Amino acid sequence: MQRRDFLRTTGATLALGAMASGCASAPRAVATATAPTDYDPLPPLAPIRARPDRLIAISVCTRPFRAQGPRIEAEKLGRKTVVHHYGHGGSGWSLSWGSARLALREVLATQVAEVGVIGCGAIGLTTALLAQRAGLKVTIYARERPPDVRSSRATGVWSPDSRYCTAEHATPDAVARWETMARESFRTYQTLLGLPGDPIEWRDGYALGDEPFNGGHGEGDGEPVYANLLPLIRSLWPRGQDIPPGAHPFPVPYVRRYTTMVYNLSSYSRLLIEDFERGGGRIETREFERPAELEKLPEKTLVNCTGYGARALFGDDSIVPVRGQIGRLIPQPEVNYGLSYGSLFVVPRRDGIVVQTGAPGDYGNADATPNHAESEAAVRQLAALMAKMRRA
Ligand SMILES: Cc1cc2nc3c(=O)[nH]c(=O)nc-3n(C[C@H](O)[C@H](O)[C@H](O)COP(=O)(O)OP(=O)(O)OC[C@H]3O[C@@H](n4cnc5c(N)ncnc54)[C@H](O)[C@@H]3O)c2cc1C
């Protein structure tokens with residue numbers, strides 16, 4: 001996800017962003033925030049040690065975006081049935097459980113006792129687990145597994161409509177399908193709270209602005225207009241709270257507190273793999289260059305969860321890569337809040353404080369080479385913000 005998508009999730013898009021993109025929409029943030037007098041007092045906020053030499057990892061991932069939304073449908077391949085399940089854009093983690101449930105329906109319709117899942121990212125792992133829980137014998141075949149899959153390089157927040165589909169493709173059926181997925185995923189995630197290693201948790205964060213929030217809906221340069229789906233489920237999680245000047249330590253006039261789900265991807269991926277293996281599942285390292293190679297697998301029904309890999313494997317040019325980069329600072333357990341300001345977006349994960357920025361030209365860009373200067377500049381911007389924060 002990028003900060004723009006996140007601000008929409010939290011209902012705090014800035015007036016400036018909407019005006020710059022030329023596509024301002026209804027003032028959703030105003031509608032979804034509490035009154036300025038109705039907020040919980042702020043706890044002390046530990047300073048983030050934002051120094052470029054504390055960056056321990058910089059990674060790039062390509063979101064597998066399809067204008068029409070994810071592909072979830074069965075296709076005959078020789079004597080096999082392949083259930084395609086890929087193309088989740090910037091919302092793969094967030095939608096995974098609900099999406100997997102839809103894919104499982106297609107699998108169960110083939111009436112097999114064994115299924116092969118191709119891919120071991122967010123989508124493959126959740127699909128495999130649900131198939132296993134439905135009583136099937138499941139084998140995952142994948143070139144990479146966590147932490148080497150693209151899913152492991154995500155930001156790790158609840159972002160269910162981030163680059164899901166374009167506004168043009170948001171037909172009533174597509175929207176209803178998204179809502180089903182989002183609600184089912186949200187429900188499942190609430191069953192994963194409070195576990196050892198905190199794979200999933202709720203965290204507060206602060207959206208900072210030099211101008212008032214207006215809930216505008218801005219797209220990045222060169223990106224299509226995405227479907228605005230969040231209002232359908234916005235009542236599931238807490239509204240933002242405007243914090244008045246003087247009641248917060250930030251050096252900006254406008255501050256809105258948000259509360260969001262965070263995925264601690266290291267412990268969460270490990271949990272998914274361990275659950276799968278404990279349930280008798282097997283993961284085999286395999287790479288497929290052509291669909292015909294899938295025909296040699298023993299299972300009659302296969303689920304294609306190859307994400308961006310489906311573009312090469314199945315020649316699906318409808319998948320557009322949307323590049324994104326994150327840096328991780330050494331974890332600071334005392335830092336329990338996130339931030340967003342300008343192009344800067346910070347998430348307090350247990351496996352490191354994620355520092356993310358967006359860059360022009362990400363849409364259609366499949367270059368996975370990390371740009372160190374970009375992450376270092378973001379960390380310096382965060383350091384400048386920390387230096388200006390009022391300390392009690
Ligand atoms: C910077 C960034 C931040 C993001 N942040 C968030 C976020 O905060 N929240 C959120 O919900 N989403 C986020 N996303 C989106 C999310 O990461 C993706 O939607 C998700 O990772 C897609 O998962 P996947 O399982 O389909 O693909 P992948 O993780 O790419 O998994 C594909 C699997 O298929 C295998 N495979 C591929 N091709 C082959 C082949 N030919 N042969 C054998 N195996 C193959 C791979 O090895 C891998 O195991 C973010 C994306 C980016 C880029």
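Residues numbered from 1 in each chain as written. Predicted model: local features only at pLDDT ≥ 70, side-chain atom pairs only at ≥ 80, totals over all residues. Heavy atoms only, no water.

**Q** Could you clarify how one ought to interpret the sheet that holds strand β8 (residues 254–263) in this entry?
**A** Across a sheet, strands are paired by hydrogen bonds formed along the backbone, either parallel or antiparallel in direction. Ordered in space as β1-β11-β14-β13-β12-β6-β8-β7, the 8 strands form an open sheet in which the pairing is mixed. The sheet terminates laterally at β1 (55–66) and β7 (241–243), the two strands that pair on one side only. On average, each strand axis in the sheet is tilted by 25° relative to the strand beside it, whichever way the strands run. Judged from the 3 bridges that link them, β7 and β8 form a sheet pairing that is antiparallel. In the strand pairing of β8, D242 is matched with R256. (Pairing = 2+ DSSP bridges. Helix = DSSP H or I, 4+ residues; strand = E, 2+ residues; numbered from the N terminus. Axes fitted to C-alpha atoms, helices over the stretch in contact; angles between N-to-C directions.)

**Q** Is there a simple way to think about the environment of Q111 in this case?
**A** Here Q111 lies in the loop between α4 (92–108) and β4 (114–118). For Q111, a relative accessible area of 72% translates into the label exposed. Once the C-alpha coordinates of Q111 and L136 are considered, the two residues, 25 residues apart in sequence, prove to be 10.0 Å apart. (Buried < 20%, exposed > 50% of the residue type's maximum accessible area, 1.4 Å probe, protein only.)

**Q** Honestly, the nonpolar core in this entry has me stumped. Any pointers?
**A** Buried together is how nonpolar side chains tend to be arranged in soluble globular proteins. W93, W97, V138, I140, Y189, Y263 and Y268 are the most contacted members of the largest nonpolar core, which totals 52 residues. Every element with two or more residues in this core is listed here: α4, β4, α5 (122–133), β5 (137–142), α6 (172–190), β8 and α7 (265–278). Looking at this core, the element that brings in the most residues is α4, giving 8 residues. Contact partners of W97, with chain neighbours within four places excluded, come to T126, L129, L130, R133, E184, S185, T188, Y189, L192, Y268 and L272. Counting residues in hydrophobic clusters, the runner-up holds 27 residues, among them L55, Y206, A378 and M386. (Core = buried A, V, L, I, M, F, W, Y, C linked by side-chain atoms within 4.5 Å. Contact = heavy atoms within 4.5 Å.)

**Q** Looking at this model, I keep getting lost on the packing of aromatic side chains. Mind explaining?
**A** To describe a pair of aromatic rings, one takes the distance between the centres and the angle between the planes. Taken as a whole, this structure holds 12 aromatic pairs when the rule is applied. Ring centres of F186 and W202 lie 6.0 Å apart, and the angle between their planes is 65°; on these two criteria the pair is classed as edge-to-face. A residue pair is termed long-range when its members are at least 10 positions apart, and F186 in helix α6 and W202 in strand β6 (residues 200–209) qualify at 16 residues. The rings of W93, Y189, Y263 and Y268 are connected pair by pair, giving a single aromatic cluster. (Phe/Tyr/Trp six-rings, centres within 6.5 Å; stacked < 30°, edge-to-face > 60°.)

**Q** Help me understand the pattern of salt bridges, please; the structure alone is not making it clear to me.
**A** Where charged atoms of side chains with opposite charge meet at close range, the side chains can pair. All told, the structure shown has 19 salt bridges when counted by the stated rule. When the shortest N-O distance is used, the salt bridge between E184 and R101 registers 3.0 Å. Of this pair, E184 sits in helix α6 while R101 sits in helix α4; the two residues are 83 residues apart in sequence, bridging distant segments of the chain. In this structure, R349 engages D351 in a salt bridge whose closest nitrogen and oxygen atoms are separated by 2.9 Å. (Salt bridge = Lys/Arg side-chain N within 4 Å of Asp/Glu carboxyl O.)

**Q** How do you make sense of unusual backbone geometry when you look at a structure like this?
**A** Negative phi is the rule for most residues except glycine; trans is the rule for most peptide bonds. In this structure, P147 follows P146 across a cis peptide bond, with omega equal to 10°. One can find P147 in the loop between β5 and α6. Backbone geometry at Q111 places phi at a positive 55°, although glycine is not the residue there. One non-glycine residue, D198, lies in the positive phi region at around 45°. Accessibility expressed as a relative area gives 24% for D198, which makes it partly exposed.

**Q** Just checking my understanding: could you explain the packing of α4 against α6 for this structure?
**A** A pair of packed helices is characterised by two quantities: the angle between their axes and the separation of those axes. As a packed pair, α4 and α6 sit with axes 7 Å apart at the nearest point and diverge in direction by 110°. Judged by the angle between their axes, α4 and α6 are roughly perpendicular. The interaxial crossing formed by α4 with α6 has right-handed handedness. Counting all contacts with α4, which are made through W93, S94, L95, S96, W97, G98, S99, R101 and L102, the residues of α6 involved are R177, W178, M181, A182, E184, S185, T188 and Y189. (Parallel < 35°, antiparallel > 145°, perpendicular 65-115°, else oblique. Left-handed = near helix turned anticlockwise from the far one by under 90°.)

**Q** It is not clear to me how the state of the cysteines should be interpreted in this structure. Could you clarify?
**A** In protein chemistry, a disulfide is the covalent bond that joins the sulfur atoms of two cysteines. Enumeration over the complete set of coordinates arrives at 0 disulfides. We note that C120 lacks a disulfide partner, and the nearest cysteine sulfur, in C305, lies 9.9 Å from it. A relative accessible area of 2% means that C120 is categorised as buried. (Disulfide = S-S within 2.5 Å.)

**Q** What should I look at first to understand α6 in this one?
**A** In an α-helix, one turn spans 3.6 residues, which is why side chains three or four residues apart end up on the same side. The terminal C-alpha atoms of α6 lie 27 Å apart, and with 19 residues this matches the ideal 27 Å at 1.5 Å per residue to within 8%. Burial in α6 covers these residues: A174, V175, W178, M181, A182, E184, S185, F186, T188 and Y189. On the buried face of α6, the contacting elements are β2 (71–77), α4, β6, β8 and α7. (Expected span 1.5 Å × (residues − 1).)

**Q** Which parts of the structure should I look at to understand the side chain of S269?
**A** With respect to the helices and strands, the residue S269 is situated in helix α7. At a separation of 2.7 Å, a polar atom in the side chain of S269 contacts the main-chain carbonyl oxygen of L265. With residues near it in sequence (within four places) discarded, S269 still touches W93 and P146. (Polar contact = N/O pair within 3.5 Å; in protein donor to acceptor, adjacent residues only side chain to side chain.)

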